[in-house]
Amino acid sequence: MTINKRVVQCIFRLIWLVNLSLCLSSAVSASPDVINKHLTDSQSDPTKLGLMTGFPPPVDKRVMLPDSNFFSFPNLRWSVCNMRALLPTENIKRDPFNATPISYALMQGIDSVTFSPMNSSTRMSWHDSLAANYTDGILVLHKNKVVYERYRGCMDEHTNHAAMSMTKSLTGLIAEILIARGKIDENAKVRSIIPELQGSAFGDATVRQVMDMTTSLRYSENYADPNADIWQYSYAANPLPKPKEYAGPVGYFEYLQTVQKSGVHGKEFGYKTVNSDVLGWIVARASGKKFNVLASELIWSKLGMEYSADITVDGIGTPFAGGGLSATLRDLARIGIVMLNNGKINGVQIIPTSAVASIRQGGDKSVFSTAGFKTIPNGSYRSMWWHFHNEHGAFAARGVHGQTIYIDPKAKMIIVRLSSHPVAANSAIDPTSLPAYHALAKFLLAQ
């Protein structure tokens, strides 16, 4: 095996985990036995382990390429806070002259809030749930004020943490803004915007079908199958040089042109990351701007973010619109604020009201129900945001290993949590997280 091929396999591991389908994550349960085999939250704390500490770090404490170890557990607990040290990235720039302050009204008693995890009669406290879910950072806002904030593991206030598939929700929000501004017709065929996709599965899909992931694709994300399409997708997107004998697609854009159709669009929900990258291509083509530039102009600079964000790129510099974002806890909270407040932040209308309203209405529950998401039995998906349709009308951006922006309109509550759970699957995390969020909402409503 050549050095190039070893490096490519290393990248496969990361792209696999970053792209990991929430369909697989939520529909397939992870047994407690699998989870219990891992080090605990305290045992795997990267600062306690001394990962990448020293000048230079000891050989056995290094997390790096090309050793293919940076997204294995517990190394991922360091990696999620250091993506730009491991992979090429582009910048999503903030406006240094426009920082939006966040108000604080820290509240006592939150750590003592208790709840029963799914399928369990044993009570757990909010405080204990942080360790159970390998939380790196968590922030809670109530009525637009921070009532709770904690940093753990690899994180502090200045850390850009991997957001994983929460990136998709940013992409969906950008698309909704462009629809509201008349730059994109959600009912248009994708081929009318991107002629290069004419011969692919996406050519006769509508923009809305891509946004809601109701496209019908002959595309497998079965990670247990070495011949699954996800591996060719990952191979194409790999930012490092490919072996001389490689003759396949290079980069996201070339690969997307090869995806073929398997049925009728619009009939079933199927969570596939390639939809997000098609949407990233659509918004870039419609605006004439690279995805990271567009994200800066429409979101990051307008919301008054404290820090610029990072987004990973493929070998030709294409930002990974399906999972490459890294950002700080407080800046992600600003996205939550604007979504809760119908496009406003500090009373200023930043996002078109219609864009936020479109997302907040949720998707088709009957289409979603066939996908088998056991921890979201009444859910739906619209514009790359997840809807729970619970009694509080909660919806969220979600990513593997425990990333979320959870918004509860009734309680006027926003929770942003960044984690490095050893199991990527949200089915392993939701049984503790979702009841905790709902219990906290009820606690805040009672204040």
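Residues numbered from 1 in each chain as written. Predicted model: local features only at pLDDT ≥ 70, side-chain atom pairs only at ≥ 80, totals over all residues. Heavy atoms only, no water.

**Re the packing of aromatic side chains**
The way to describe two aromatic rings as a pair is by their centre distance and the angle between their planes.
Here is step 1 of the chain: One pass over the structure, following the stated rule, counts 23 aromatic pairs.
Here is step 2 of the chain: When the ring of Tyr406 is compared with that of Tyr437, the centres are 4.8 Å apart and the planes differ by 50 degrees; the resulting orientation is tilted. You can see Tyr406 sitting in strand β17 (residues 403–408) and its partner Tyr437 sitting in helix α17 (residues 430–445), a full 31 residues away along the chain. Neither residue differs from the other here; Tyr406 and Tyr437 are each classed as buried.
Here is step 3 of the chain: Site record: aromatic cluster; members linked through ring pairs are Phe269, Tyr271, Phe368, Phe373, Tyr381 and Trp386.
Here is step 4 of the chain: When the ring centre of Tyr148 is taken as origin, the NZ or CZ atom of Arg150, which lies over that ring, is 4.2 Å away.
Here is step 5 of the chain: A cation over an aromatic ring shows up here: Arg398 above the ring of Trp386, its NZ or CZ 5.6 Å from the ring centre. (Phe/Tyr/Trp six-rings, centres within 6.5 Å; stacked < 30°, edge-to-face > 60°. Helix = DSSP H or I, 4+ residues; strand = E, 2+ residues; numbered from the N terminus. Buried < 20%, exposed > 50% of the residue type's maximum accessible area, 1.4 Å probe, protein only. Lys NZ or Arg CZ within 6 Å of the ring centre and 35° of its normal.)

**Observations regarding the sheet that holds strand β2 (residues 103–104)**
Here is step 1 of the chain: Sheet architecture is open: 8 strands sit in the order β2-β6-β5-β18-β17-β16-β15-β14, paired in mixed fashion. Each edge of the open sheet is held by one strand with a lone partner, namely β2 and β14 (380–382).
Here is step 2 of the chain: Bridge count between β2 and strand β6 (residues 145–151): 2 bridges; the pairing is parallel. What sits directly across from Ser103, in β6, is Lys145.
Here is step 3 of the chain: Packing of α17 onto the sheet brings it into contact with β5 (135–142), β6, β16 (395–399), β17 and β18 (413–419), and relative to β18 it is tilted by some 150 degrees. (Pairing = 2+ DSSP bridges. Contact = heavy atoms within 4.5 Å. Axes fitted to C-alpha atoms, helices over the stretch in contact; angles between N-to-C directions.)

**Some words on helix α15 (residues 353–360)**
Since the α-helix turns once every 3.6 residues, residues separated by three or four places project in the same direction.
Here is step 1 of the chain: Within α15, the full set of buried residues consists of Ala355, Val356, Ser358 and Ile359. When α15 is viewed along its axis, its buried side chains cluster within an angular range of 155 degrees and face the same direction.
Here is step 2 of the chain: Each element contacted by the buried residues of α15 is listed here: α7 (166–180), α9 (207–211), α14 (329–340), β14 and β15 (385–387).
Here is step 3 of the chain: Positive phi shows up at Gly362, right after α15, with a value of about 80 degrees. (Arc of directions from axis to C-beta.)

**Considering the pairing of β5**
Here is step 1 of the chain: The buried count for β5 comes to 8 of 8 residues, which makes it a mostly enclosed element.
Here is step 2 of the chain: Of the strand pairs in this sheet, β5 and β18 are connected by 7 bridges, and their pairing is antiparallel. Note on β18: the bridge partner recorded for Leu139 is Val416.
Here is step 3 of the chain: Note: β5 against β6, 6 bridges, orientation antiparallel. Counterpart to Val140 in the pairing with β6 is Tyr148.

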